[in-house]
Structure formats: structure tokens, C-alpha cells
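Remarks on the overall topology
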Amino acid sequence: MMEQVRIEIDDRSGFCFGVVNAITRAEQSLADGEVFSLGDIVHNRLEVQRLEALGLRTVGHDDLPRLSGRRLLIRAHGEPPATYARAAELNIEVIDATCPVVANLQRIVADAYARMRAVEGQVVILGKKGHAEVVGLAGHADGQAVIVESPEDLDALDYARPIYFLSQTTQSLELFGRMAQTIRERSRVPEQVTVRDTICRQVSGREAHLREFAGRFDVVVFVSGRKSSNGKVLYGVCREANPWSYHVEGADELCGEWFAGCRSVGICGATSTPRWQMEEVALRTGELVGADER
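Remember, it's a predicted structure, so these values are computed and weren't measured experimentally. Note that residues are indexed from 1 along each chain, following the sequence as it is written. For this predicted model, a pLDDT threshold of at least 70 governs which residues receive local features, and a threshold of 80 or more governs which side-chain atom pairs are given and counted, while totals over whole chains, interfaces and linings are taken from all residues. Hydrogens and water molecules were not included; the side-chain quantities draw on all heavy atoms of the structure.

Runs of H or I in DSSP of at least four residues are treated as helices and runs of E of at least two as strands, each being numbered from the N terminus. Scanning the chain for helices and strands turns up nine helices and 13 strands. With respect to the three principal axes, the spread of C-alpha positions in the chain is 75 × 55 × 25 Å. Residues count as neighbours in contact if any of their non-hydrogen atoms are within 4.5 Å of one another. Look at the contacts in the chain between residues 6 or more apart in sequence, and 73% of them connect residues 24 or more apart. Note on charges: Lys and Arg go in the positive column, Asp and Glu in the negative column, and His and the chain ends are not counted at all. Throughout, a charge is located at the NZ atom of Lys, the CZ atom of Arg, the CG atom of Asp or the CD atom of Glu. In the chain, which carries 34 positive and 42 negative side-chain charges, the distance between the mean positions of the two groups comes to 2 Å.

Dropping the structure here:
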């Protein structure tokens, strides 16, 4: 008799508090009618489609002039001050679902900018260029923050001037620490270098956990939207721990060949991945391999 394949869903994967808060606010507001979300409420195509079926409409900044008198949701990533000013000017009701961790970081960036401006210094943010959270953070520094994605980007800094180094909430702790050390070593005024670790621990703590989780299975299926910055980081962690890790957006992307000869499959995901989506992937995996799910 063939031994059944064991499938386990990681109980620490899935929506972080900020995303849960934003989706809850959206669902509550939708009970009173149509709501417009400024950008995808979460970087997960299937979850966006679920909410659209309830009446959520995704719009961009160029659509704001036609939303006068309507309700606009600011998602967990947050927005720069200019967005709120524009909404007020257009008589748009704002439902602010900015993650509290991000909102606090915005205040920190504004304070850092004021301090650096007084000494002709630089605010440097580790983050993905163009990412909604990073755009919002930069707006709290009047667009003057230097955004860096990799150690190579540090070449653009002026090491003769003071530096205040922070991070997007979902960046890698290891990368932030490595880049902070480089800044300190290169600075000609190291006593004027401020490093502020602003990475969300609910997110960063998942790296070590996922490394351990991925190592316990023959095959790992990581579930997240292709546009999720956090998803890319965490999938990379899974791949490092287990080369037999695969990234899917949904159950329809699973391939039976991935599971040939395996006896255990771990299902996990990003902070933007809903539990129901991981359950669908687990169910489909079970259909493909004949499994003992738990």
C-alpha cells in the first residue's frame, strides 16, 4: 500500500495585522455601499477579485477628480500627505486604513527629515522603489529621501554629510543590518550616522520561522501574489532552506510533477496571502498526490 503524502499549512503564514485591519475596514464600509480603493488593497489578485465582487473598486491617483463626494479607502501601505490634501480639496471622504506600524514610521520619517534638513543631512530608506509604502514614506520627507534597494545603491550617498538610515517595514533584517554596517564604515562623520530599525517584527519574525518550516518538508508550495514585495522576500527564504520550493498565486498553477516521490508538502504564504487561498492550494495538492491533510 502506497504511503500517503502529508500536507501541512503553516499556521503563522497569512495576513499580517495591517492587512487584516484594511480588509476589515473595507468589508465594514462596503456594507453601506460602494467604496473605492486607492490601488490594490492587497498585493493578491484573487483576494482583490473577492472584494471587488462585494463592491470594492480599485482606482489610481488620476481617477480622484471623478470621485468627488465618494468614499476612498487608503490601504495599509499608506499615502503621502499630498494625497490627503487632494482628497480634501475634491470633497472625497477618506477611510484611512493605513497600518498603524506604517503610520508610526511615517511620523519617524517626517521627524528624521526635519533633523537632517537642519544639518544638511540625508534621509536614506531601504525599500523597493515605486512601492506604495515607500512612496508614502518619501512623501513625508517632501520627496527628498534617498531610496536604496541593494548595497550597490549605497554608492549614491554623500558620506561627508550626516545620514539617517531607516527601512520599509517589510524589508529583510539581514539586508538592513548589512547595509547599515556599510554606511557606518564608509561615513567620514560616523558620529553623525543614525540607524533606526523600522522593520515590522510581525513580518521579519517570519523569516526565521519559514526557514525552519520549509526545511521540514520534501516540497514547499509558497502562495502569494506576484506583485507582493513581502512575498518575494519570503519565497526567497523558502528557496534557500529548501530548493524544492515553488511559488504560485493560486491552486490552478500547481503541477503534479513537483510532487513526484515526495512524502510531505508544506504550504505557506506571504503577509498578503489569505488563509482560504492556502487551503485551496492544500486541497488541490491533495487531489494531485492523494494526501493526508492537516
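As a further point, take the side chain of Asn 242. Position of Asn 242 relative to the elements: it lies in the loop between helix H8 (229–241) and strand S11 (245–248). Burial classes follow relative accessibility: with a 1.4 Å probe on protein chains only, a residue under 20% of its type's maximum area counts as buried, one over 50% as exposed, and anything between as partly exposed. Of the residues examined, Asn 242 reaches a relative accessible area of 5% and is grouped as buried. Beyond its immediate sequence surroundings of up to four residues, Asn 242 is in contact with Ala 214, Phe 217, Asp 218, Val 219 and Val 220.

Our focus in this paragraph is the sheet that holds strand S5 (residues 93–96). Spatially, four strands are ordered S3-S2-S4-S5 in an open sheet, and the strand pairing comes out parallel. Since the sheet does not close on itself, it has two edges, and those belong to strand S3 (56–59) and S5, each with one partner. Adjacent strand axes in the sheet meet at a mean angle of 35° when their direction is disregarded. One ladder, built from four bridges, connects strand S4 (residues 71–74) with S5; its direction is parallel. Counted as the bridge partner of Ile 74 is Asp 96 from S5. To obtain an axis, a line is fitted to C-alpha atoms, over the contacting stretch when the element is a helix, and the angle between two such axes runs from 0 to 180 degrees between their N-to-C directions. The strands touched by helix H1 (residues 17–30) within the sheet are strand S2 (35–38), S3, S4 and S5, with S4 carrying the most contacts at an inclination of about 165°. Of the strands in this sheet, S2, S4 and S5 are in contact with helix H3 (residues 81–89), which crosses S5 at around 145°. By this definition, two strands are paired if DSSP reports at least two bridges between them.

Before going further, it helps to examine the packing of aromatic side chains. A pair of aromatic rings is counted whenever rings of Phe, Tyr or Trp (Trp by its six-membered ring) have centres within 6.5 Å, and the orientation is called stacked for planes under 30 degrees apart, edge-to-face for over 60 and tilted otherwise. The tally for this structure, following the rule as stated, stands at five aromatic pairs. Consider the rings of Tyr 246 and Trp 258, whose centres lie 4.3 Å apart with planes at 5°: the pair is stacked. Note that Tyr 246 is positioned in strand S11 and Trp 258 in the loop between S11 and strand S12 (264–269), a separation of twelve residues in sequence. Joined through ring pairs, the aromatic side chains of Tyr 246, Trp 258 and Phe 259 make up one cluster.

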